[in-house]
Each structure stands twice: as C-alpha cells, then as structure tokens.
Amino acid sequence: MKIRHLIAAFVAVAAAGAACAETVVIDDHVTVRESSVARPARGSTMTTVERKFGAPLNRHPTVGAPPITRWDYAGFSVFFERDRVIDAVVTSG
C-alpha cells in the first residue's frame, strides 16, 4: 500500500471517529467499513502495544512536529504521536 494511501486512510478514520472500522482504499477512493481486526486502542503506549502485539514488522523513522511514528504489523499499521497511539489502520484482511 502506498504511503499516500496510508495517510489518506489515517485521515479518513480520524475524521470519521470510527473506533471499530477499517479504511479501504481502492483506486484512490477511501471507504470506511466495520472491522474485526484486533489492533491497539488510542492512547496506548508503545510499550503496551509491543507487549500485546509483539515487535512490529517495520518501524518507520519518526517525522514532523509533533513527532509521528508508524509501526507496521501484519494486517494493520499503528501511528504514534510521541509514544502514544493516535490511530491504528487496517492495511489488509
């Protein structure tokens, strides 16, 4: 999934306020639908996420101000502001 798709997905979920939804991107169109994919809750710490879900498959470098970090897991990505989850986006499944 391209980074602009992940960013669009993150924005769509944040705007929709959907706690149990997944964002689907097809041909640059973003749709939000219900999801049963387990992922971290907003406000969880990095330590808590790693304890519950294990080490991520990929840790992206922190960017911007405030610092935003993305961890990729099989099926979802987690976005952190500093050390707290701001959203988790389903990427497959």
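Since the model is a prediction, treat every value here as computed from it, not as a measurement.

K.L.:
Describe the pairing of strand E4 (residues 68-73), listing the residues and the values that go with them.
P.N.:
Counting buried positions along E4 gives five out of six residues, so the element sits mostly inside the fold. Relative to E4, strand E3 (residues 58-59) runs antiparallel, the two being bridged by two bridges. Residue pairing across strands places Arg-59 opposite Trp-71, the latter belonging to E4. Taken together, the six bridges between E4 and strand E5 (residues 76-81) define a ladder with antiparallel strand orientation. The partner of Arg-70 across the bridge, within E5, is Phe-79. The antiparallel pairing of E4 with E5 creates a hairpin that spans two residues between the two strands, and Gly-75 there sits at a positive phi of about 100°.

K.L.:
Quick one: what's the story with the sheet that holds E5, residue by residue and with numbers?
P.N.:
Strand order across the open sheet formed by four strands is E3-E4-E5-E6, with antiparallel pairing between neighbours. If you trace the sheet from one side to the other, it starts and ends with E3 and strand E6 (84-90), each paired once. Here E5 runs beside E6; their pairing, made up of six bridges, is antiparallel. Following the sheet pairing, Val-78 is matched in E6 by Ala-88. Where helix H2 (residues 46-53) meets the sheet, its contacts fall on E3, E4, E5 and E6, and the angle it forms with E4 comes to roughly 0°.

K.L.:
Would you mind going over the side chain of Asp-87 in detail, with residue names and values included?
P.N.:
The residue Asp-87 is located in strand E6 in this model. By relative accessible area, Asp-87 is classed as buried at 5%. Within the structure, the side chain of Asp-87 is placed 3.1 Å from the side chain of Arg-42, a separation counted as a polar contact.

Procedures and definitions
- Residues numbered from 1 in each chain as written.
- Predicted model: local features only at pLDDT ≥ 70, side-chain atom pairs only at ≥ 80, totals over all residues.
- Heavy atoms only, no water.
- Buried < 20%, exposed > 50% of the residue type's maximum accessible area, 1.4 Å probe, protein only.
- Helix = DSSP H or I, 4+ residues; strand = E, 2+ residues; numbered from the N terminus.
- Pairing = 2+ DSSP bridges.
- Contact = heavy atoms within 4.5 Å.
- Axes fitted to C-alpha atoms, helices over the stretch in contact; angles between N-to-C directions.
- Polar contact = N/O pair within 3.5 Å; in protein donor to acceptor, adjacent residues only side chain to side chain.

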